[in-house]
Amino acid sequence: MVTVLYIISIVIMLIIFVQLNSGMLTALIGNDFVSFTNRSYVKKPISAFDKTLNFVFFIFHGVPDYFYKLFMRRTSYWKARFYFLGWFFIFSTFCMVIFFVLGYFVENFLVKL
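Parameters and conventions
Residue positions are given per chain, counting from 1 as you read along its sequence in written order. Where totals are concerned, whole chains, interfaces and linings use all residues; where local detail is concerned, this predicted model gives features only for residues with pLDDT of at least 70, and gives and counts side-chain atom pairs only at 80 or more. Note that the side-chain values use all heavy atoms of the structure and ignore hydrogens as well as water. Every helix listed is a DSSP run of H or I at least four residues long, and every strand listed is a run of E at least two residues long, numbered separately from the N terminus. With C-alpha atoms as the basis for the radius of gyration, the globule rule is written as 2.2 Å multiplied by the number of residues raised to the power 0.38. The classification of residues rests on relative accessible area computed with a 1.4 Å probe and restricted to protein chains. Under 20% of the type maximum is buried, over 50% is exposed, and intermediate values are partly exposed. By definition in these notes, contact holds between two residues if any of their heavy atoms fall within 4.5 Å. Each accessible area is a Shrake-Rupley estimate made with a 1.4 Å probe; only the visible protein chains count as cover when residues are assessed. None of His or the chain ends enter the tally, which takes Lys and Arg as positive and Asp and Glu as negative. A single reference atom marks each charge: NZ on Lys, CZ on Arg, CG on Asp, CD on Glu. Take the residue count of a helix, subtract one, and multiply by 1.5 Å to get its expected span. Two rings from Phe, Tyr or Trp (for Trp, the six-membered ring) form a pair when their centres are within 6.5 Å of each other. A pair whose planes differ by under 30 degrees is stacked, one over 60 is edge-to-face, and the rest are tilted. A residue's pLDDT is the confidence the predictor assigns to it, expressed on a 0 to 100 scale.

On to the overall build of the protein, then. Of the regular secondary structure elements, the protein holds 4 helices and 0 strands. Walking the protein from its N terminus toward its C terminus, one meets helices and strands in the order α-α-α-α. For a compact globule of 113 residues, the expected C-alpha radius of gyration is about 13 Å, and the protein comes in at 17 Å, more than 25% above that figure. Taking all 113 residues of the protein together, the buried fraction comes to 30%. In the protein, the share of contacts with a sequence separation of at least 24, taken over all contacts with a separation of at least 6, comes to 66%. Surface exposure of the protein reaches about 7900 Å², of which carbon and sulfur atoms provide 75%. With 10 positive and 4 negative side-chain charges, the protein shows a spacing of 10 Å between the two charge centroids.

A separate point is helix H4 (residues 77-110). The end-to-end C-alpha separation of H4 is 47 Å, in line with the 50 Å expected for 34 residues at 1.5 Å each. Every buried residue of H4 is accounted for by Ala 80, Arg 81, Phe 84, Trp 87, Phe 88, Phe 91, Ser 92, Cys 95, Phe 99, Leu 102, Val 106 and Leu 110. Against the buried residues of H4 lie helix H1 (2-29) and helix H3 (48-74).

Each aromatic ring pair is characterised by the separation of its centres together with the angle its planes make. Under the counting rule described, the total for this entry stands at 12 aromatic pairs. Aromatic side chains Phe 67 and Phe 71 sit 6.3 Å apart centroid to centroid with 45 degrees between the ring planes, which places their arrangement in the tilted category. With a gap of 4 residues between them, Phe 67 and Phe 71 both fall in helix H3, about one helical turn apart. In this structure Phe 67 comes out as partly exposed when scored by relative accessible area, which is 26%. Take Phe 71: its relative accessible area is 17%, and that puts it in the buried class. On the numbers, 6.3 Å between centres and 45 degrees between planes, the contact of Phe 88 with Phe 89 is tilted.

Taken residue by residue, the protein gives an average pLDDT of 89. The fraction at 70 or more is 99%. The secondary-structure element of the protein with the lowest mean pLDDT is helix H2 (residues 31-37), recorded at 88, while H3 shows the highest, at 92.

This is the structure:
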């Protein structure tokens, strides 16, 4: 049971880490990185492989990609980049809090089990 909880916490931390890196690269590079990552997204998935590829895309780039496109649709280019940068700082702070809470949980509660 403890091993399963360790693995789940490591997987959650890795997913958050990849989301943070994707958000950082989107904030730094912008449209080029979003168009590069969207090449792995299949518009109308038919096979199980295409659906799995879309699922993996959303795990790796879903949250930053969604908010970047949301800001781009609603405002001008530079205003959207500024909003996304602000969103990224809030998102990274939230992710760091989750990192610390998960680390605290793993170190204090799972070690005692």
